[in-house]
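Each chain, written out:
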Amino acid sequence: MSEALLEVADLNAWYGESHVLHGIDFTVDEGELVTLLGRNGAGKTTTLKAIMGMVGRRSGRIAFAGAELIALPSDRIARLGVGYCPEERGIFAALDVEENLMLPPAVRPGGMSVEEIYTIFPNLAERRRSPGTKLSGGEQQMLAIGRILRTGARLLLLDEPTEGLAPVIVRQIGAVLRTLKAKGFTILLVEQNFRFAATVADRHYVVQNGCVVDMIANSDLGIRSDRLHEYLGV
Amino acid sequence: MFSFLHVAMPPLPLFLAQLLVGLINGGFYAILSLGLAIIFGLLNIINFAHGALYMLGAFCAWFLLSWLGISYWAALLIAPVAVGLVGMAIERLFLRRIARLDHLYGLLLTFGLALVIDGVFRQLYGSSGMPYSIPAELQGATDLGFMFLPNYRAWVIVASFAVCAVTWFVIERTRIGALLRAATENPELVRAFGINVPRLVTLTYGAGAALAAFAGVLAAPIYQVSPLMGVNIITVVFAVVVIGGMGSILGAVISGFALGVIEGMTKVFWPEASTTVIFVIMALVLLVKPAGLFGRAG
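Residues numbered from 1 in each chain as written. Chains lettered and ligands numbered in written order. Predicted model: local features only at pLDDT ≥ 70, side-chain atom pairs only at ≥ 80, totals over all residues. Heavy atoms only, no water.

### Some points on the overall build of chain A
Logical step 1: Along chain A, the regular secondary structure elements total 9 helices and 10 strands.
Logical step 2: A globule of 234 residues ought to have a C-alpha radius of gyration of about 17 Å, and chain A, at 17 Å, matches this closely.
Logical step 3: By principal-axis analysis of the C-alpha atoms, chain A measures approximately 45 × 40 × 35 Å.
Logical step 4: Here chain A holds 234 residues, and the buried ones make up 54% of them.
Logical step 5: When the accessible surface of chain A is summed, it comes to about 9,500 Å², and 49% of that surface belongs to carbon and sulfur atoms.
Logical step 6: Averaging the locations of the 25 positively and 28 negatively charged side chains of chain A gives two centres separated by 3 Å. (Helix = DSSP H or I, 4+ residues; strand = E, 2+ residues; numbered from the N terminus. Rg over C-alpha atoms; globule rule 2.2 N^0.38 Å. Buried < 20%, exposed > 50% of the residue type's maximum accessible area, 1.4 Å probe, protein only. Areas by Shrake-Rupley, 256 points an atom, 1.4 Å probe, with all protein chains shown as cover. Lys, Arg positive; Asp, Glu negative; His and termini not counted. Charge placed at Lys NZ, Arg CZ, Asp CG, Glu CD.)

### Considerations on the overall build of chain B
Logical step 1: Of the regular secondary structure elements, chain B holds 11 helices and 2 strands.
Logical step 2: Walking chain B from its N terminus toward its C terminus, one meets helices and strands in the order α-α-α-α-β-β-α-α-α-α-α-α-α.
Logical step 3: Relative to the 2.2 N^0.38 estimate, which gives 19 Å for 298 residues, the radius of gyration of chain B is 19 Å and therefore close to what a compact globule would have.
Logical step 4: Along the first, second and third principal axes, the C-alpha set of chain B runs to 60 × 50 × 40 Å.
Logical step 5: In chain B, buried positions account for 52% of the 298 residues.
Logical step 6: Across chain B, every contact between residues at least 6 apart in sequence was considered, and the portion connecting residues at least 24 apart equals 78%.
Logical step 7: With the model as given, the accessible surface of chain B reaches about 13,700 Å², and the carbon-plus-sulfur share is 71%.
Logical step 8: Taking the average location of the 14 positive side-chain charges in chain B and that of its 10 negative ones, the two points are 11 Å from each other. (Contact = heavy atoms within 4.5 Å.)

### Topic: the pairing of strand β7 (residues 155-159) of chain A
Residue and element names in this part refer to chain A.
Logical step 1: Counting buried positions along β7 gives 5 out of 5 residues, so the element sits mostly inside the fold.
Logical step 2: On β7, burial covers both faces: Leu-155, Leu-157 and Asp-159 on one face and Leu-156 and Leu-158 on the other are all buried.
Logical step 3: Pairing of strand β6 (residues 82-85) with β7, which is carried by 4 bridges, proceeds in the parallel orientation. Its bridge partner lying in β7, Cys-85 is registered against Leu-158.
Logical step 4: With 5 bridges connecting them, β7 and strand β8 (residues 186-191) associate as parallel partners. Within β8, the residue paired with Asp-159 across the bridge is Val-190.
Logical step 5: Assessed by its sense of winding, the connection that carries the chain from β7 through helix α7 (residues 167-182) to β8 is right-handed. (Pairing = 2+ DSSP bridges. Right-handed = clockwise from strand over helix to strand, strands pointing away.)

### A look at the packing of aromatic side chains
Logical step 1: Taken as a whole, this structure holds 20 aromatic pairs over all chains when the rule is applied.
Logical step 2: Note on Phe-59 of chain B and Phe-63 of chain B: the rings are 5.8 Å apart at their centroids and 45 degrees apart in plane angle, and the pair reads as tilted. Of the two residues, Phe-59 of chain B and Phe-63 of chain B both sit in helix α2 (residues 50-68), 4 residues apart, roughly one turn of that helix.
Logical step 3: The exposure class assigned to Phe-63 of chain B is buried, which follows from its relative accessible area of 19%.
Logical step 4: The rings of Phe-59, Trp-62, Phe-63, Trp-67, Phe-121 and Tyr-125 of chain B are connected pair by pair, giving a single aromatic cluster.
Logical step 5: When the ring centre of Trp-14 of chain A is taken as origin, the NZ or CZ atom of Arg-57 of chain A, which lies over that ring, is 4.0 Å away. (Phe/Tyr/Trp six-rings, centres within 6.5 Å; stacked < 30°, edge-to-face > 60°. Lys NZ or Arg CZ within 6 Å of the ring centre and 35° of its normal.)

### Considerations on helix α5 (residues 151-173) of chain B
Residues and elements named next belong to chain B.
Logical step 1: With 23 residues, α5 should reach 33 Å at 1.5 Å per residue; the first-to-last C-alpha distance of 32 Å fits that figure.
Logical step 2: Every buried residue belonging to α5 is among Tyr-152, Val-156, Ile-157, Ala-159, Ser-160, Val-163, Cys-164, Thr-167 and Ile-171, and all of these are buried.
Logical step 3: Check the buried side of α5 and you find it contacts α1 (12-43), α3 (72-93), β2 (148-150), α6 (175-185), α8 (197-219) and α10 (249-269). (Expected span 1.5 Å × (residues − 1).)

### Quick word on the sheet that holds β6 of chain A
Residue and element names in this part refer to chain A.
Logical step 1: Pairing in this open sheet of 6 strands is mixed, and the strands run β6-β7-β8-β3-β9-β10 from one edge to the other. Sheet topology places β6 and β10 (211-217) at the edges, where each strand pairs with a single neighbour. Put simply, the sheet's adjacent strands are angled 20 degrees from each other on average, direction ignored.
Logical step 2: Direction of pairing for strand β3 (residues 33-37) relative to strand β9 (residues 203-208): parallel, over a ladder of 4 bridges. Note that in β9 the partner of Leu-36 across the bridge is Tyr-205.
Logical step 3: The sheet strands contacting helix α9 (residues 225-232) are β3, β9 and β10, and the helix crosses β10 at an angle near 150 degrees. (Axes fitted to C-alpha atoms, helices over the stretch in contact; angles between N-to-C directions.)

### What to know about the interface of chain A and chain B
Logical step 1: Listed by partner, the interface residues are 22 residues for chain A and 17 residues for chain B.
Logical step 2: Carbon and sulfur atoms supply 62% of the area that chain A and chain B bury against each other, a total of about 1,600 Å² over both sides.
Logical step 3: It is Asp-75, Phe-92 and Leu-103 of chain A that lose the most area in chain A upon contact with chain B, and together they represent 34% of the buried surface on that side.
Logical step 4: Remark: the boundary between chain A and chain B carries 2 salt bridges.
Logical step 5: For Glu-99 of chain A, the salt bridge goes to Arg-181 of chain B, with nearest N and O atoms at 2.8 Å.
Logical step 6: On the surface where chain A and chain B come into contact, there are 8 residue pairs in polar contact (both at pLDDT 80 or more).
Logical step 7: Elements represented by at least two residues in the side of chain A that touches chain B include exactly α2 (74-79) and α3 (97-102) of chain A.
Logical step 8: Broken down by class, the residue content of the side of chain A that touches chain B amounts to 16 nonpolar, 2 polar and 4 charged. (Buried area = accessible area lost by both parts, 1.4 Å probe. Salt bridge = Lys/Arg side-chain N within 4 Å of Asp/Glu carboxyl O. Polar contact = N/O pair within 3.5 Å; in protein donor to acceptor, adjacent residues only side chain to side chain. Nonpolar A, V, L, I, M, F, W, Y, C, P; charged D, E, K, R; others polar.)

### Let's talk about the nonpolar core
Logical step 1: Residues Leu-6, Phe-26, Leu-177, Leu-180 and Leu-188 of chain A together with Leu-218 of chain B are the most contacted members of the largest nonpolar core, which totals 165 residues.
Logical step 2: The element that contributes the greatest number of residues to this core is α1 of chain B, accounting for 16 residues.
Logical step 3: In contact with Leu-188 of chain A, not counting residues within four places along its chain, are Leu-6, Phe-26, Val-28, Val-34, Leu-36, Leu-48, Ile-51, Leu-155, Leu-156, Leu-157 and Leu-158 of chain A.
Logical step 4: In terms of nonpolar packing, the next biggest core, distinct from the first, is built from 9 residues, Leu-37, Phe-194, Leu-228 and Leu-232 of chain A among them. (Core = buried A, V, L, I, M, F, W, Y, C linked by side-chain atoms within 4.5 Å.)

Scope: geometric values only; no functional claims are made or implied.
Printed below as a string of structure tokens:
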């Protein structure tokens with residue numbers, strides 16, 4: 001078994017007075033693609049935000065590449081090599097495509113070059129001078145993923161990159177995720193669409209009411225699909 | 001109705017002289033409202049201390065000259081740096097503590113700071129004001145054929161245009177400007193990309209303060225260096241910002257110059273209205289386009 005790059009233990013998080021995460025535990029190994037599955041409001045997005053230090057208050061342990069993140073502000077966490085792609089994509093309207101792409105600073109050597117990113121996402125190259133939010137939803141999603149590939153981040157936190165996109169775009173994003181995995185990125189993916197998740201992931205954690213309730217290897221997904229359907233209510 | 005428009009066309013020199021005064025005032029309005037717009041964009045604070053920072057810039061130039069014999073030209077660099085540092089200290093010591101609260105607290109806090117700074121200077125220097133002479137290089141006037149253009153006034157117009165252009169360029173065309181624009185939209189996300197946003201906030205407030213101080217130094221030889229100079233200009237500048245739209249960079253610059261000129265022209269055609277015209281325009285803009293001419297609603 002390879003070394004865990006990310007180890008989350010007893011992670012609790014609060015938004016103001018409301019206690020959202022109640023002791024999340026999971027690990028992601030170097031080079032793995034792991035998903036957090038669960039219903040709306042289960043705490044998947046909050047888990048990513050808590051890892052990034054973007055919730056009001058959090059406790060527990062978040063070990064990343066030998067560093068403890070729980071007390072660090074989010075800019076320091078990013079600089080350790082964590083790239084974050086938010087659910088709402090977070091494309092800046094006041095910046096053009098290339099400015100959006102160049103916004104996150106390189107935090108470690110070994111990031112992809114702009115040319116490589118444009119090779120993966122040729123649409124972005126054509127529209128590099130357009131305002132970021134004038135792109136289609138799919139292009140915005142590609143921009144949101146593309147801009148964290150330049151920085152040298154080793155761990156990518158992707159929050160529902162397929163949400164609201166047409167099937168053809170979802171397949172493109174699936175291909176991109178497999179390419180990134182082949183390039184050695186470690187990816188933690190939040191998904192509601194487990195059929196999509198099954199095409200890209202190594203393992204799945206099921207999140208319910210702010211806790212991880214199960215772990216399913218992708219190879220077991222077939223025999224355990226009834227259980228998963230029950231978890232997800234599909 | 002409109003009988004006031006039936007005045008005879010004023011003589012050209014008067015017209016041009018007021019156009020000049022309008023451009024000069026417009027330059028000050030533009031630089032000050034530019035700083036306010038940048039600060040409001042990133043800090044969400046309506047910086048009532050802006051007039052006090054402008055006044056501090058002028059006083060800084062006066063201290064440098066009368067205590068240390070340091071020239072106007074050096075003051076034009078030193079005063080913005082010094083007042084910029086004061087601004088950064090204000091942000092770190094006061095504004096940061098209320099960053100998570102409603103806008104209103106920032107307004108009250110900066111208003112209080114302005115009262116304290118103004119009060120201290122009035123206590124020390126009275127309210128009559130001290131003269132600051134025009135630098136030797138810019139004394140005199142140039143004969144343009146149709147009018148005499150005072151050299152210093154020409155310089156103020158050129159310098160304020162240049163400062164606005166440079167600021168616009170930095171914000172719209174450079175990396176630091178892209179960070180500023182992005183952090184104005186979504187500071188949490190910019191921070192999650194590894195940018196030290198609190199430091200960016202401090203630098204931005206400092207830059208806004210430096211702009212105000214630069215305007216103060218420019219103004220020193222035209223107006224008296226007086227503790228009241230900030231109070232006198234800031235009300236108009238707030239009206240300019242409301243008209244242009246809070247947080248719009250280009251809007252602040254354009255409406256600053258435009259309203260300065262409109263005010264100057266009103267002095268020619270209807271002098272009694274010249275002190276109120278900007279506020280009348282503000283009221284009209286608020287009725288028709290509450291977010292301001294260049295502002296985005298919401």
